[in-house]
Amino acid sequence: MAEVNETDQTPNLGDSTTPSQPKPEQITTTNVAVPIPDVGPQLQVVVDEFILKNGSSDEEVRTAARNDLRDFIEREEIGITTLLVVVKYAHEFKNADLLDAFCERVADLIKDKKVVGVREIFGIVNDFTPEEEHALRDEHPWAFED
Amino acid sequence: MSMSMSPPPESNIPWEVLTLVATNLDPKTLATASSVSKQWCTTMTSDHLWAHPCTTHFPSISHLHSTTLPYHRLYNLGFTATKRRHLPPPQPSITLQNLLFIITLTTSTSPPLTITKPCTELALDPNSLFRFDIEVNDHQKWSKYEVLGDTRVTWNVVLGGYEGVFTMMDCKGRGSFYSGSDGWFTAGLPVAGWWSGGGSSGLVAEMRVAVREEVGGDGRRGLVGSVSVGVLSVVSWRYVCVDDSLRYLQHFLEP
């Protein structure tokens, strides 16, 4: 996380490139296969392969595995439902690296989007009144400046 | 089952899953995401998501945290406050086009001599500093005006059609002018606007009257060669820029 000097420069706080949470040092990771119901066999194969390679002691192999998984998800444009299902099961099976990869992808789909765009992707109906929504925007006006 | 792109009904997204994803989001995204829906609002404004960015970026106000002041609110306060500290001053509400300089020289031996010059007729300093050279060669009376030790100079600045006037200086010279040397006049400018404590504004008005010597029948005389005026900061010993000077003057000139 970049250091911020409050007195000297205008901090670059309005960008969406830095996640808000630090990566935890100690992750409880089990590297067992994570069977995921309701996803296609193709994705299950890719996930299994990732888990296998992620267990390697060679850092290069692990990095390659992560990149392969990321590329696959992007290339096949895996839908939101599937992504969230994997997130759920990765969490249940405590596979932090798998969880990370899929959370990152979902996060990328949300970042830099307008509120309306996010609702579309997730199929969410807006349950705020216009006044409520306006009041919410006023709580963080800097986030809505273009 | 195919991997479809169609969005799921909302009931299929358990909030725990949303929280997991939210830990990957930056403050700006968290803030916009909080207006997606009521459930998202609860998730995205949660203290545990905002604690880290808030305490990292705004440690000095994070200790104000309480149940009524959650971290996402404190973050907003910190962000807005920091941005305000770096805001440049607003544009001046008057321009040089609106201003007129009136310079008067008075000595015990002659009636007052006045030059009135709209700022539009003055050459701008190349560095946008508030200093101006006023040519007097084209004014017959001026170039024959003899400066003496007790010459009094006045510099007034007028806004538009005499809507306001501000006296920059009203000074008397001390001693005598020697030929070839210039007369320098300075006057401290009053504090403007926000400060009630009195004392110095840190600004002075400055005038230079360049003298040239003329040797005639009745001996040597010092005559006005040229006049320069400007506003100087006594903190930096530099001329103040035009915009800052306009912002200063508007306090005194605007009706």
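Anything mentioned here points back to the structure above.
Residues numbered from 1 in each chain as written. Chains lettered and ligands numbered in written order. Predicted model: local features only at pLDDT ≥ 70, side-chain atom pairs only at ≥ 80, totals over all residues. Heavy atoms only, no water.

Visitor: So what exactly am I meant to see when it comes to the overall build of chain A here?
Guide: Secondary structure summary: chain A contains six helices and zero strands in total. Moving toward the C terminus, one meets the helices and strands of chain A in the order α-α-α-α-α-α. Out of the 146 residues in chain A, the part that is buried amounts to 38%. Considering only residue pairs separated by 6 or more positions, chain A has 54% of its internal contacts joining residues 24 or more positions apart. Counting only carbon and sulfur atoms, one obtains 50% of the accessible surface of chain A, whose full area is about 8500 Å². (Helix = DSSP H or I, 4+ residues; strand = E, 2+ residues; numbered from the N terminus. Buried < 20%, exposed > 50% of the residue type's maximum accessible area, 1.4 Å probe, protein only. Contact = heavy atoms within 4.5 Å. Areas by Shrake-Rupley, 256 points an atom, 1.4 Å probe, with all protein chains shown as cover.)

Visitor: Honestly, the packing of helix α3 (residues 80-92) of chain A against helix α1 (residues 15-22) of chain B in this entry has me stumped. Any pointers?
Guide: When two helices pack together, their arrangement is given by the angle between the helix axes and the distance between those axes. Their axes nearest at 10 Å, the elements α3 of chain A and α1 of chain B cross at an angle of 90°. With respect to each other, α3 of chain A and α1 of chain B are oriented roughly perpendicular. Between α3 of chain A and α1 of chain B, the residues in contact are Leu 84, Val 87, Lys 88 and His 91 of chain A and Val 17, Leu 20 and Val 21 of chain B, respectively. Tallied by class, the residues present in the contact of α3 of chain A with α1 of chain B amount to five nonpolar, one polar and one charged. (Axes fitted to C-alpha atoms, helices over the stretch in contact; angles between N-to-C directions. Parallel < 35°, antiparallel > 145°, perpendicular 65-115°, else oblique. Nonpolar A, V, L, I, M, F, W, Y, C, P; charged D, E, K, R; others polar.)

Visitor: Honestly, the packing of aromatic side chains in this entry has me stumped. Any pointers?
Guide: Each aromatic ring pair is specified by the distance between its two centres and by the angle formed by the two planes. Taken as a whole and assessed by the stated rule, the structure comprises 13 aromatic pairs over all chains. Ring centres of Phe 101 of chain B and Trp 155 of chain B lie 5.3 Å apart, and the angle between their planes is 85°; this geometry places the pair in the edge-to-face category. Placement of Phe 101 of chain B in strand β1 (residues 99-107) and of Trp 155 of chain B in strand β4 (residues 152-159) is noted, with a sequence separation of 54 residues between them. A single burial state applies to Phe 101 of chain B and to Trp 155 of chain B, both of which are buried. One aromatic cluster is present, built from ring pairs that chain together Trp 142 of chain A together with Trp 50, Phe 58, Tyr 75 and Phe 79 of chain B. For the cation-ring pair, Arg 131 of chain B lies above Tyr 239 of chain B, with the distance from its terminal atom to the ring centre recorded as 5.3 Å. (Phe/Tyr/Trp six-rings, centres within 6.5 Å; stacked < 30°, edge-to-face > 60°. Lys NZ or Arg CZ within 6 Å of the ring centre and 35° of its normal.)

Visitor: Would you explain a negative patch on the surface in this entry?
Guide: All names here are of chain A. A cluster of acidic residues, Asp 68, Asp 71, Glu 74 and Asp 108, forms a negative patch at the surface. Looking at the negative patch, the element that brings in the most residues is helix α2 (residues 59-75), giving three residues. Along the chain, Asp 108 falls in helix α4 (residues 96-110). Relative accessible area serves as the criterion here: at 42%, Asp 108 is assigned to the partly exposed category. (Patch = residues over 30% accessible without salt bridge, like charges linked within 9 Å, V, L, I, M, F, W, Y side chains within 5 Å. Salt bridge = Lys/Arg side-chain N within 4 Å of Asp/Glu carboxyl O. Lys, Arg positive; Asp, Glu negative; His and termini not counted. Charge placed at Lys NZ, Arg CZ, Asp CG, Glu CD.)

Visitor: Where do I start with helix α8 (residues 242-253) of chain B in this structure?
Guide: Residue and element names in this part refer to chain B. Over its twelve residues, α8 extends 15 Å from the first C-alpha to the last, a length consistent with the 16 Å expected when each residue adds 1.5 Å. Burial in α8 covers these residues: Val 242, Ser 245, Leu 246, Arg 247, Tyr 248, Leu 249, Gln 250 and Leu 253. Buried positions along α8 lie against β1, β4, β5 (164-172), β7 (203-216) and β8 (219-233). (Expected span 1.5 Å × (residues − 1).)

Visitor: I keep staring at the side chain of Thr 32 of chain B and nothing clicks. Help me out?
Guide: Inspection of the secondary structure assignment puts Thr 32 of chain B in helix α2 (residues 27-33). In terms of polar contacts, Thr 32 of chain B uses its side chain to reach the backbone carbonyl oxygen of Thr 29 of chain B, at 3.0 Å. Once you skip the residues sitting within four places of it in the chain, Thr 32 of chain B turns out to touch Val 115, Ala 143 and Phe 144 of chain A. (Polar contact = N/O pair within 3.5 Å; in protein donor to acceptor, adjacent residues only side chain to side chain.)

Visitor: Can you walk me through the pattern of salt bridges in this structure?
Guide: Two side chains bearing opposite charge may form a pair once their charged atoms approach each other closely. Per the counting criterion, the structure on display carries nine salt bridges over all chains. Among the ionic pairs, Arg 73 of chain B bridges to Glu 139 of chain A, the shortest N-O distance being 2.9 Å. Taken together, the positions of Arg 73 of chain B in helix α6 (residues 71-85) and Glu 139 of chain A in helix α6 (residues 130-139) put the pair across two chains. The exposure class of Glu 139 of chain A is partly exposed, given its relative accessible area of 22%. As a salt-bridge pair, Arg 247 of chain B and Asp 244 of chain B come within 2.8 Å of each other at their nearest N and O atoms. Of this pair, Arg 247 of chain B and Asp 244 of chain B both sit in helix α8, separated by three residues, roughly a single helical turn. Judged by relative accessible area, Arg 247 of chain B falls into the buried class, the value being 17%. For Asp 244 of chain B, a relative accessible area of 38% puts it in the partly exposed group.

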